[in-house]
Amino acid sequence: MFVDICRITVQAGNGGDGAVAWRREKYVPAGGPAGGDGGRGGSVVLQADSGLRTLMDFRYKRVYKAENGENGRSKKQFGADADDIVLKVPVGTIVRDAESEKVIVDLKEEGERYVIAQGGGGGKGNARFTTSTRQAPTFAQMGYKGQRRDIILELKLLADVGLVGFPNVGKSTLLSVISSAQPKIANYQFTTLSPNLGVVYLGPGQSFVCADIPGLIEGASEGVGLGHDFLRHVERTSVLIHVLDGSGDFYRDPVEDFDKINKELADYNEALSEKPQIVFINKMDIPEAAEREPEIRKALEARGYTVFSGSAATTKDLQPMLYEVYGRLQEVDTAYDSFDEEYYEESEDETPAISVRKENGRYIVDGPYIERLLGSTFFDDRDSLRYFQENLRKNGVIDRLRELGIREGESVFIDDYEFEFFE
């Protein structure tokens, strides 16, 4: 089964905590602070790999966690950084933010890498907090938390040419004879359930990648059947080969089918209707198809389309069409950009490092920086408490509380702590 959309959770590692330690050596009675810094947490990295064709691996494992950095040690020894974890995805994978569904990154080149969840930095050891007035700091800094994200991986095939048309018009057979692809083929109205890729070789330096897009049906642009799943694969092709069943099998009108498929393409994404499109009337080995071919050709050529006819089953008259397709490819720029995608901006989702607000008469201070600051504070230690107060003042928390109208003696809630405000 072809899997092209998966939702996963990525969790980067937390940074290690800084250490509170003291230099203890013989004949050195007051060695001073010697706590080392914590190590960096591992990041989660996405990497495009042309050897992959599906997102199947992500169907069975949905949560990916990197390791935490090591805590700092004594003698000013830093904790070890954690290794990043690299998740390989197929080239052509779009990564979306799960909540907003906006695109974070579009991995469309072999080897392209993107840090999807940043590992947390290590906290500073107490050796880092010595000053001329604070010779023996008894506190250290907690490590930074690693980033956690819920993301959607969406694969859009990177093919030069897409075969489109109703089910059972012969697209899979055509792909099998013009390339080395081996799609499953059966004589049913609904056959292929997943896109197949094949390389079409015309000669030295003349080749292209062709995708058999599963048969579309009416209402596909509105999600009927597997409509959206199929249509997303058409977006990145440069040229379309529209395959028609010239025999009118299953009581269908080829020209009417042609119009219906193009309507679904345009309704899904108007840009698809602007792609170069070559028509191939298939099944010329069937007498009924050969009889109807002139009428079909006349109708479509009158609309400005280039029309070829032949038989995928017998491979008759395929080469002229393939050379025409190759020529069209030389005239268009290969661009794998998605159409009409809205991109995610990191600033949209960033939590302020410090938030100072008044809610229901309560003054509240919180945010990632405050959380780390509290974790690094020992309230029984005068130096540590002074460092905490200095940081609040330096980061504008006191000024902001005054702007909100706080009065002396009123409570300020910081995380799980309640403080009284004094000037």
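Residues numbered from 1 in each chain as written. Predicted model: local features only at pLDDT ≥ 70, side-chain atom pairs only at ≥ 80, totals over all residues. Heavy atoms only, no water.

### Observations regarding the overall build of the protein chain
So the rule is basically this: Only DSSP runs of H or I with at least four residues qualify as helices, and only runs of E with at least two residues qualify as strands; both kinds are numbered from the N terminus onward. Each residue gets one of three labels from its accessible area relative to the maximum for its type: buried under 20%, exposed over 50%, partly exposed in between, using a 1.4 Å probe on protein chains only. Here, residues are in contact when the closest pair of their heavy atoms is within 4.5 Å. Computed with a 1.4 Å probe, the accessible areas rest on the Shrake-Rupley method; for each residue, only the protein chains presented here act as cover.
Within the protein chain, the regular secondary structure consists of 10 helices and 18 strands. By the burial criterion, 49% of the 423 residues in the protein chain qualify as buried. In the protein chain, the proportion of contacts linking residues at least 24 apart, taken out of those at least 6 apart, comes to 72%. Total accessible area on the protein chain stands at roughly 21700 Å², and carbon and sulfur atoms take up 45% of it.

### Here we look at helix α2 (residues 171-178)
Under the convention used in this document: In this context, the arc is that of the directions from the helix axis out to the C-beta atoms.
Of the positions making up α2, those classed as buried are Lys171, Ser172, Leu174, Leu175 and Ile178. One face of α2 carries all of its buried residues, which in axial projection span an arc of 160°. The inward-facing, buried residues of α2 abut β9 (161-164), β10 (196-203), β11 (206-212), β12 (239-245), β13 (277-282) and α6 (319-331).

### Considering the environment of Val161
Turning to its location among the elements, Val161 is positioned in strand β9. As a C-alpha pair, Val161 and Val325 span 164 residues in sequence and 8.1 Å in three-dimensional space. Beyond its immediate sequence surroundings of up to four residues, Val161 is in contact with Phe208, Val209, Cys210, Ala211, Thr237, Val239, Ile241, Val325 and Leu329.

### Side note on the pattern of salt bridges
To keep it simple, the criterion reads: Just to be clear on terms, a salt bridge is a Lys or Arg side-chain nitrogen sitting within 4 Å of an Asp or Glu carboxyl oxygen.
All told, the structure shown has 16 salt bridges when counted by the stated rule. Among the ionic pairs, Lys145 bridges to Glu371, the shortest N-O distance being 3.0 Å. Remark: Glu371 occurs in helix α8 (residues 368-375) and Lys145 occurs in the loop between β7 (113-117) and β8 (148-155); sequence separation between them is 226 residues. Between Arg297 and Glu301 there is a salt bridge, with the nearest N and O atoms lying 3.3 Å from each other. Taken as a pair, Arg297 and Glu301 lie in helix α5 (residues 287-301) at a separation of 4 residues, close to a single helical turn. Among the residues examined, Arg297 registers a relative accessible area of 22% and is labelled partly exposed. Taken together, the shared-partner salt bridges connect Glu293, Arg297 and Glu301 into one network.

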